[in-house]
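Residue-level structural notes
Listed here are the chains, written in short residue letters.
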Amino acid sequence: MIRVENLRKVYSVGWPRRKAIEAVGSLNFAIERGEIFGLLGPNGAGKTTTVKMICGLIRSTSGRVILDGHPLSGHSRWPSRLVGAVLEGSRNVYWNLTALENLSYFGRLRGVREADLKRRAWMLLDEFGLKEKARDVVGTFSRGMQQKLAICCALVNDPPILLADEPTLGLDVASARAIRAKLRHLADEESRTILLTTHNMQLAAAVCDRVGIIDKGRLIREGTIADLLDVLETASYVVEYAGTLSEAAARELSRIPNLRHSAEDAGGEIHLPVDGAESPSRDLYGVIDIVRTGGLRLLLVHEAKPSLEDAFIRLTEEDADAMPR
Amino acid sequence: MRCLGRLYLAELRRRLALLRRYALGTAADVATFYLIFMGIFLSMRSIVGDAQPEELAQLATGQVVGFLAFYFASMVLSFVNNHLRQEVEQGTLEQLFVSSRWFLLVLLARLAASFTVDLVRFIPLCALLVLSTGVSIRFPPAAGLVFILLLLGVYGFSLILGGCALLFKRTGQLPFLFQILFLGFGFSSLAQLPKGVDAFLSLLPFARGVTVLKAIAAGTDGGATLSWATVMPLAVNAAGYVIVGIAVFLWTERRAKQKGLLGRY
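Residues numbered from 1 in each chain as written. Chains lettered and ligands numbered in written order. Predicted model: local features only at pLDDT ≥ 70, side-chain atom pairs only at ≥ 80, totals over all residues.

Quick look at the overall build of chain A
- When you go through chain A residue by residue, the secondary structure sums to 10 helices and 14 strands.
- If one aligns the C-alpha atoms of chain A with their principal axes, the spans along those axes are about 80 × 50 × 35 Å.
- Looking at chain A residue by residue over its 325 residues, the buried ones come to 41%.
- Put simply, of all contacts in chain A between residues at least 6 apart along the chain, 72% involve residues at least 24 apart. (Helix = DSSP H or I, 4+ residues; strand = E, 2+ residues; numbered from the N terminus. Buried ≥ 20, exposed ≤ 12 C-beta atoms within 10 Å, placed from the backbone. Contact = placed C-beta atoms within 7 Å.)

Here it is, written out as structure tokens:
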């Protein structure tokens, strides 16, 4: 449904000496119908630039975008038939108009026939729980409601693709949860293809079928959440203690393979990967013994499951290490 | 054409909704224009106080028409710039670009809708001016043609200024500078300027058109039988500005997309 091939954006900045800055470098990915793909990355990674190139707001330096089989280039740069976009979140709609007036306005702009416009607008308002607020001025809405309306406006002409740039940014927990559920519904029940950008790992883990991690304009890893978690140990034991580890105890610990130890002034954590260990439980008891005999106070022993956030941090750190200095 | 009609309808409904919602602001706009005009009119009248009644009536008619032409021309002139600024500040400009095939058409439809609404606002203003000054304005069909050509030229010029705003940002003072110049054209005549200067300034949109319009309204021109020799230069001037304006705007839009500047101001 969305195919991005060698998409690249280079800005030329500075005066009088021009300097080329690569915002996005040779990006490749494809998103199937009914799939939610999350583009994850830190600030300035190139997520928004990528989304804006896909919807034709920024012209790429090279490469191409293919939407539902149609290349987005030259005179055909009008993706609104196929794409709805929520780019500035709650600011994507007119605050001085009512919800219904906004939907009617964007519907006409997007070529919805007059006969269908009212029905479509009311249907969306109903679906997103905004029916009661249809005739209220958007400026009086909560941020979550404004965000929902922005999504409604992007969907008013029923496009098969939705692009959402940071869709839950600045929303409270309940509103963010409602938007997440709505996005999942749009993909599962209405087979819409959704590309969202975020640096919110919870959102990505909760709604995305696949994610791509983008850093410094390059896609450093792409796959399902499970694929990404594979870069980490599937699980590890964590031993938390209070006190200062002696040199002798530290030497003892260093004999245990794959162990990671992080110490602070008044205590520390010892991570013991389960996968790859010959006998994880023997290692765990060994660590507990070292802690006890070293005169430290054992605080907690628990099993930790790696999160998408861990994977993201690991991958972006690895990428930074691999970059030429 | 159907697309433009649909866009016009969308814009007209949006404008009417805003007009209804902010009725006090609308009334304040009309009152401001009325007070500015009366200030200028009374000052000029005190300067030419000993003129013949017939001359005074002609002067007053010219001033009323010049001012009304200025009213619309200044609206059109700052139109593109103002709308780009407002949309960027609201955060809706990129949404408009994504939602429409040709943003230029959205601007044209929006201008047509604003013009329609301004015509409605113009009726009380016009009535107030006529009542206050006691002038009677002749407005034959030929004057309508001149008026449209005048505004088309200004629209083309407005697209050039709007294009500059897309690329260079914060160029709000540019339309203002030209509005001051247009105000001068509205109240004086090109013929009063030194030779050479008048020829140069008459190349600007509005300058020649408003002179013709004032002459028609005051009855010093052919009126209903306006000659081709008068209309043709106006038409060429307007067409030139519209063509250059569209070309400049499309080029700057393309450059802004290359530089990733659309969403900023």
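What follows picks up the thread again.
Digging into the domain arrangement of chain A
- Parsing chain A into structural domains produces domain 1 (2-229) and domain 2 (236-305).
- Domain 1 of chain A and domain 2 of chain A are separated by 45 Å when their C-alpha centres are compared. (Domains from an automatic or database assignment.)

Quick word on the sheet that holds strand S4 (residues 62-67) of chain A
All names here are of chain A.
- Strand order in the open sheet made by the four strands is S2-S1-S4-S5, with antiparallel pairing throughout. Of all the strands in the sheet, just strand S2 (19-31) and strand S5 (70-71) have a single pairing partner and so form its edges.
- The pairing of S4 with S5 spans two bridges and is antiparallel. Each bridged residue has a counterpart across the sheet, and for Leu67 the counterpart in S5 is His70.
- Against the sheet, helix H1 (residues 47-54) touches strand S1 (2-13), S2 and S4, its axis set at about 115° to S1. (Pairing = 2+ DSSP bridges. Axes fitted to C-alpha atoms, helices over the stretch in contact; angles between N-to-C directions.)

Focus: the packing of helix H7 (residues 141-168) of chain B against helix H11 (residues 228-259) of chain B
Residues and elements named next belong to chain B.
- Between H7 and H11, the least distance of the axes is 7 Å, while the angle of their chain directions is 20°. Classified by the interaxial angle, the pair formed by H7 and H11 is roughly parallel. Helix-helix and strand crossings are classified by hand; for H7 and H11 the assignment is left-handed.
- By residue class, the composition of the contact of H7 with H11 is 21 nonpolar, seven polar and two charged. (Parallel < 35°, antiparallel > 145°, perpendicular 65-115°, else oblique. Left-handed = near helix turned anticlockwise from the far one by under 90°. Nonpolar A, V, L, I, M, F, W, Y, C, P; charged D, E, K, R; others polar.)

Comments concerning the packing of H7 of chain B against helix H10 (residues 207-218) of chain B
Residue and element names in this part refer to chain B.
- Packing of H7 against H10 leaves a shortest axis separation of 9 Å and a crossing angle of 160°. Taken together, the axes of H7 and H10 are roughly antiparallel relative to one another. Crossing angle aside, the handedness with which H7 passes H10 is left-handed. Within the contact between the two elements, H7 uses Ala142, Ala143, Val146, Phe147, Leu149, Leu150 and Gly153 and H10 uses Gly209, Val210, Val212, Leu213, Ile216 and Ala217.
- Classifying every residue of the contact of H7 with H10 gives 11 nonpolar, two polar and no charged.

Comments concerning the interface of chain B and chain A
- In this assembly, 25 residues from chain B lie in contact with 23 residues from chain A.
- For the side of chain B that touches chain A, the secondary structure elements donating two or more residues are helix H1 (2-21), helix H5 (93-99) and H11 of chain B.
- At nine residues, H1 of chain B tops the list of elements feeding residues into the side of chain B that touches chain A.
- Here the side of chain B that touches chain A is built from residues that sort into nine nonpolar, eight polar and eight charged.

A look at H10 of chain B
Residues and elements named next belong to chain B.
- For H10, spanning 12 residues, the distance from its first C-alpha to its last is 17 Å, which sits close to the expected 16 Å at 1.5 Å a residue.
- Buried residues dominate H10, accounting for 12 of its 12 residues.
- Every buried residue belonging to H10 is among Ala207, Arg208, Gly209, Val210, Thr211, Val212, Leu213, Lys214, Ala215, Ile216, Ala217 and Ala218, and all of these are buried. (Expected span 1.5 Å × (residues − 1).)

Comments concerning H7 of chain B
Residues and elements named next belong to chain B.
- Over its 28 residues, H7 runs 41 Å from end to end, which matches the ideal 40 Å to within 8%, given 1.5 Å per residue.
- Among the 28 residues that make up H7, 20 are buried, leaving the element largely enclosed by the rest of the structure.
- One or two residues past the end of H7 sits Lys169, with phi positive at roughly 65°.

Points about the pairing of S2 of chain A
Residue and element names in this part refer to chain A.
- Relative to S2, S1 runs antiparallel, the two sharing nine bridges. Note on S2: the bridge partner recorded for Ser12 is Ala20.
- In this structure, the hairpin formed by S1 and S2 is closed by a connection of five residues, where Gly14 is found at a positive phi of approximately 90°.

Some remarks on the confidence of the model for chain B
Residue and element names in this part refer to chain B.
- Chain-level statistics for chain B give a pLDDT mean of 82 and a share of 91% at 70 or above.
- Taking the mean pLDDT of every element in chain B, the minimum, 78, falls on helix H3 (residues 53-77) and the maximum, 91, on H11.
- The ipTM value of the predicted complex is 0.80, and its pTM value is 0.78. (pLDDT = per-residue confidence, 0-100.)

Digging into the environment of Ile21 of chain A
- The topology assignment puts Ile21 of chain A in strand S2.
- A sequence separation of 12 residues divides Ile21 of chain A from Lys9 of chain A, and the C-alpha atoms of the two residues are 8.5 Å apart.

Topic: the nonpolar core
- Residues Leu150 and Leu213 of chain B are the most contacted members of the largest nonpolar core, which totals 141 residues.
- In terms of residues, this core owes the most to one element, H7 of chain B, which gives 15 residues.
- By size, the runner-up hydrophobic cluster in this structure holds eight residues, among which are Val239, Tyr241, Ile270 and Val287 of chain A. (Core = buried A, V, L, I, M, F, W, Y, C linked by C-beta atoms within 7 Å.)

Quick notes on the sheet that holds strand S11 (residues 236-242) of chain A
All names here are of chain A.
- Here we have four strands laid out as an open sheet, ordered S12-S13-S11-S14, and antiparallel in their pairing. The open sheet terminates on both sides in strands that have one partner only, identified here as strand S12 (260-264) and strand S14 (297-304). Neighbour to neighbour, the strand axes of the sheet diverge by 15° on average, direction disregarded.
- As paired strands, S11 and strand S13 (residues 267-273) are joined by seven bridges and run antiparallel to one another. In the strand pairing of S13, Ala242 is matched with Gly267.
- Across the sheet, helix H9 (residues 280-293) is in contact with S11, S13 and S14; its angle to S11 comes to roughly 5°.

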